[in-house]
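# Topology and contacts: notes
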Amino acid sequence: MSEPLLRLKHASLGYGEQPILTGVDVEVQPGSFIGILGHNGSGKTTLLKTILNLIPCLKGQCVWQGATPDSLRFGYVPQKEKLDPIYPLSAFDVAAMGTYHRFALRIKNKAFIHRCLADCGAAHLTDKRYSDLSGGQKQRVLIARALAAEPQILTLDEPLAGIDITTQKAVLKLLKHLKEERGLTILMVSHRIQAEKGLFTHIVWCDEGKVISGPTPEMLANSKLAEVFKTEL
């Protein structure tokens, strides 16, 4: 097994001095597609924010490959993106936000952004106003923005929320393509499993302040998880 991109060791996660998850041991292996699952309010987003280094561990360690969080590049698709419609941002403008680390939007960067939009099936949306797009179209643009950061790890927080079943299937197909074609490592937060279980190589389950994780077949063999997932299929 290769060296993990990052590892949480005996970590307590939360805000201020209030832990939400304790005793967390999670590894993120290169090329994996990890589903972070659990009921609403179980701490899934807290776990994701810790991995992204948006909040620190209260106890324990988060060890990144290369020793520092800056040694890894993340692409992040938030649960809800609020961009004030008063600003006439196009889909291209929003995708270009992912290149913030380059400081300047040069011609070669513009071509790269167009490729990111095309990879997400959003090339035809380039000049359209972002606020006028449908929920599914916005998701494609936000994934393109995350890809523009040239991530090693693509993270998504409830990317299927608020979009119809047909669009959900299209987004999942897109994520499968990105993993296979780009070799991306993907972490996806969800409160259900449904069609996603065929994509996940590993599952991280948050429940009652604890986290358990492992390969998907092993996790689905767990009687409690099998019972929960069966009711949500």
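I will try to describe carefully the structure that is included in this document.

## Considering helix α5 (residues 165-182)
Between its first and last C-alpha atoms α5 spans 25 Å; for 18 residues at 1.5 Å apiece the expected length is 26 Å, and the two agree. One or two residues past the end of α5 sits G183, with phi positive at roughly 70 degrees.

## Focus on the sheet that holds strand β4 (residues 59-64)
The antiparallel open sheet is built from 3 strands, whose spatial order is β2-β1-β4. Strands at the two margins of the open sheet, each flanked by one partner only, are β2 (18-28) and β4. Taking each pair of neighbouring strands and ignoring which way they run, the sheet shows an average axis angle of 30 degrees. Docked against the sheet, helix α1 (residues 44-51) engages β1 (6-15), β2 and β4, running at close to 125 degrees with respect to β1.

## A closer look at the pattern of salt bridges
Within the structure shown, the criterion is met by 2 salt bridges. R7 is paired through a salt bridge with E27; the nearest N and O atoms lie 3.0 Å apart. In this pair, R7 sits in strand β1 while E27 sits in strand β2, placing the two residues 20 residues apart along the sequence. Taking the relative accessible area as the measure of exposure, E27 reaches 37% and is therefore partly exposed. D119 is the partner of R182 in a salt bridge, and the nearest nitrogen-oxygen pair spans 2.5 Å. One end of the pair, R182, is in helix α5; the other, D119, is in helix α3 (residues 107-119), with 63 residues separating them in the sequence.

## Quick notes on the sheet that holds strand β8 (residues 202-207)
The strand order β5-β6-β7-β3-β8-β9 describes an open sheet built from 6 strands, whose pairing is mixed. The open sheet terminates on both sides in strands that have one partner only, identified here as β5 (74-77) and β9 (210-215). For this sheet the average axis-to-axis angle between neighbouring strands, irrespective of direction, equals 15 degrees. Sheet topology note: the β8/β9 ladder contains 6 bridges and is antiparallel. The residue of β9 that forms the bridge with D207 is K210. This element, α1, spans β3 (33-37), β5, β6 (153-157), β7 (185-190) and β8 of the sheet and lies at about 150 degrees to β7. Contacting β3, β6 and β7, α5 runs over the sheet at an angle of about 155 degrees to β7.

## Describing the environment of Y87
Note on placement: Y87 falls in the loop between β5 and α2 (91-96). Residue Y87 is classed as exposed on the basis of its relative accessible area of 54%. Residues Y87 and S131, spaced 44 residues apart in sequence, show a C-alpha to C-alpha distance of 8.9 Å.

## Remarks on the nonpolar core
Of all hydrophobic cores here, the largest spans 42 residues; its most connected members are I143, L154 and L175. Only β3, α2, α3, α4 (135-148), β6, α5, β7 and β8 provide two or more residues apiece to this core. Counting residues per element, this core draws most heavily on α4, which supplies 7 residues. The contact partners of L175, leaving out residues within four places of it in the chain, are F33, I143, L154, L156, I186 and M188. Within the second largest apolar cluster, 25 residues are counted, among which are I36, L52, L72 and F74.

## Some thoughts on the packing of aromatic side chains
Under the definition given, this model contains 1 aromatic pair. In this arrangement the basic side chain of K138 is found over the ring face of Y130, its NZ or CZ atom lying 5.5 Å from the centre.

## Regarding the packing of α4 against α5
In the contact formed by α4 and α5, the axes pass within 10 Å of each other and the chain directions differ by 20 degrees. Classified by the angle their axes make, α4 and α5 are roughly parallel. Note that α4 runs across α5; the crossing there is right-handed. Taking contact as the criterion, the partners of G136, R140, I143 and L147 in α4 are, on α5, T167, A170, V171, L174, L175, L178 and R182.

## A word on α4
Here α4 contains 14 residues, and its C-alpha end-to-end distance of 20 Å stays within 8% of the 20 Å for a straight helix at 1.5 Å per residue. With respect to burial, α4 is a largely interior element, 11 of its 14 residues being buried. Every buried residue of α4 is accounted for by G136, Q139, R140, V141, L142, I143, A144, R145, A146, L147 and A148. Just beyond α4, the residue with positive phi is E150, at close to 50 degrees.

Rules used in this analysis
- Residues numbered from 1 in each chain as written.
- Predicted model: local features only at pLDDT ≥ 70, side-chain atom pairs only at ≥ 80, totals over all residues.
- Heavy atoms only, no water.
- Helix = DSSP H or I, 4+ residues; strand = E, 2+ residues; numbered from the N terminus.
- Expected span 1.5 Å × (residues − 1).
- Pairing = 2+ DSSP bridges.
- Axes fitted to C-alpha atoms, helices over the stretch in contact; angles between N-to-C directions.
- Contact = heavy atoms within 4.5 Å.
- Salt bridge = Lys/Arg side-chain N within 4 Å of Asp/Glu carboxyl O.
- Buried < 20%, exposed > 50% of the residue type's maximum accessible area, 1.4 Å probe, protein only.
- Core = buried A, V, L, I, M, F, W, Y, C linked by side-chain atoms within 4.5 Å.
- Phe/Tyr/Trp six-rings, centres within 6.5 Å; stacked < 30°, edge-to-face > 60°.
- Lys NZ or Arg CZ within 6 Å of the ring centre and 35° of its normal.
- Parallel < 35°, antiparallel > 145°, perpendicular 65-115°, else oblique.
- Left-handed = near helix turned anticlockwise from the far one by under 90°.

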